[in-house]
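What the coordinates show
Listed here are the chains, written in short residue letters.
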Amino acid sequence: MSDFRAASRYVSSLLGLAQEQGVLDEVHKDMQLIDKTCQANYELVSLLRSPLIKHDKKKTILYKIFEGKVHHLTLAIIDIVTRKNREALLPAIAKEFHNAYNNFKGIQKATITSTIALDEEIRKEIVELVKGLSGRKTIELEEKTDDNLIGGFVLNVGDKQLDASLSSKLKALKLLFRHNPYVKEF
């Protein structure tokens, strides 16, 4: 079974339990904390994946890091994952939980990449554009900057991409110039 599928099963169970107990937002914050911790500490992720380190030792380390900082339901999922010897899935579970939470709450995630940071007026226009594209009322906008775009922006909403960058237009123009109707091609 792929890591994504295994992580998705843990996520759906955790999401259901958190909703049932009325602590969905708390568990979501906990999962974001775990995700940020794993992203910031490559050594922790390597430790979780290591077959040389015993599972009870990994559980002890995870408890020392997160105990007292997260809800008891989050600690319970850490306990279950380590008892099943699947602690390497913890970063994927944390990341996938955020996606499942957004889907459950009707939040649309969008990523905009531009050459400069957006000001508030443009950010509002982009949010309205995403609302129109997705049909959802709540938008989570992630902003990135990339000098290679030269100008314009690239907007990703779900599986849709709107590329209004100068670099893509220059590439399209370059391809157009490669085809010369006055020169016979062999």
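The structure we're discussing is the one just above.
So, a few notes on the structure that sits alongside this text. Nothing here was measured: the structure is a model prediction, and the numbers come from that model.

Digging into the side chain of Thr 82
Its place among the elements puts Thr 82 in helix H5 (residues 72-83). A polar contact of 2.9 Å, which involves the side chain of Thr 82, links it to the backbone oxygen of Asp 79. Aside from chain neighbours lying at most four places away, what touches Thr 82 is His 55, Lys 59, Leu 62 and Glu 87.

Concerning the environment of Lys 144
Examined against the element boundaries, Lys 144 turns out to sit in strand S2 (residues 138-145). With 26 residues separating them along the chain, Lys 144 and Leu 118 place their C-alpha atoms 9.4 Å apart.

Topic: the sheet that holds strand S1 (residues 107-114)
If you trace the four strands from one edge of the open sheet to the other, you get S2-S1-S3-S4, paired in mixed fashion. What marks the edges here is a single partner per strand, and that holds for S2 and strand S4 (160-163). For this sheet, the mean angle separating the axes of adjacent strands, direction not counted, is 15°. Pairing analysis gives four bridges linking strand S3 (residues 153-157) to S4, with the strands arranged antiparallel. Opposite Asn 156, over in S4, you have Gln 161 as the bridge partner.

So, helix H8 (residues 166-178)
Since the α-helix packs 3.6 residues into each turn, any two residues three or four apart lie on the same face. Taking 1.5 Å of rise per residue, 13 residues should cover 18 Å, and H8 covers 18 Å from first to last C-alpha, within 8% of that figure. Counting buried residues along H8, only one of its 13 residues qualify, which leaves the element largely exposed.

Looking at the pairing of S3
As paired elements, S1 and S3 share five bridges and run antiparallel to each other. Looking at S3, one finds that Ser 114 is bridged to Phe 153.

A closer look at helix H7 (residues 120-134)
An ideal rise of 1.5 Å per residue puts 21 Å on 15 residues; H7 measures up with 21 Å between its terminal C-alpha atoms. Gly 135 occupies a position one or two residues after H7 and carries a positive phi of about 80°.

Procedures and definitions
Residues numbered from 1 in each chain as written. Predicted model: local features only at pLDDT ≥ 70, side-chain atom pairs only at ≥ 80, totals over all residues. Heavy atoms only, no water. Helix = DSSP H or I, 4+ residues; strand = E, 2+ residues; numbered from the N terminus. Polar contact = N/O pair within 3.5 Å; in protein donor to acceptor, adjacent residues only side chain to side chain. Contact = heavy atoms within 4.5 Å. Pairing = 2+ DSSP bridges. Axes fitted to C-alpha atoms, helices over the stretch in contact; angles between N-to-C directions. Expected span 1.5 Å × (residues − 1). Buried < 20%, exposed > 50% of the residue type's maximum accessible area, 1.4 Å probe, protein only.

By themselves, these are just geometric observations and shouldn't be taken as functional.
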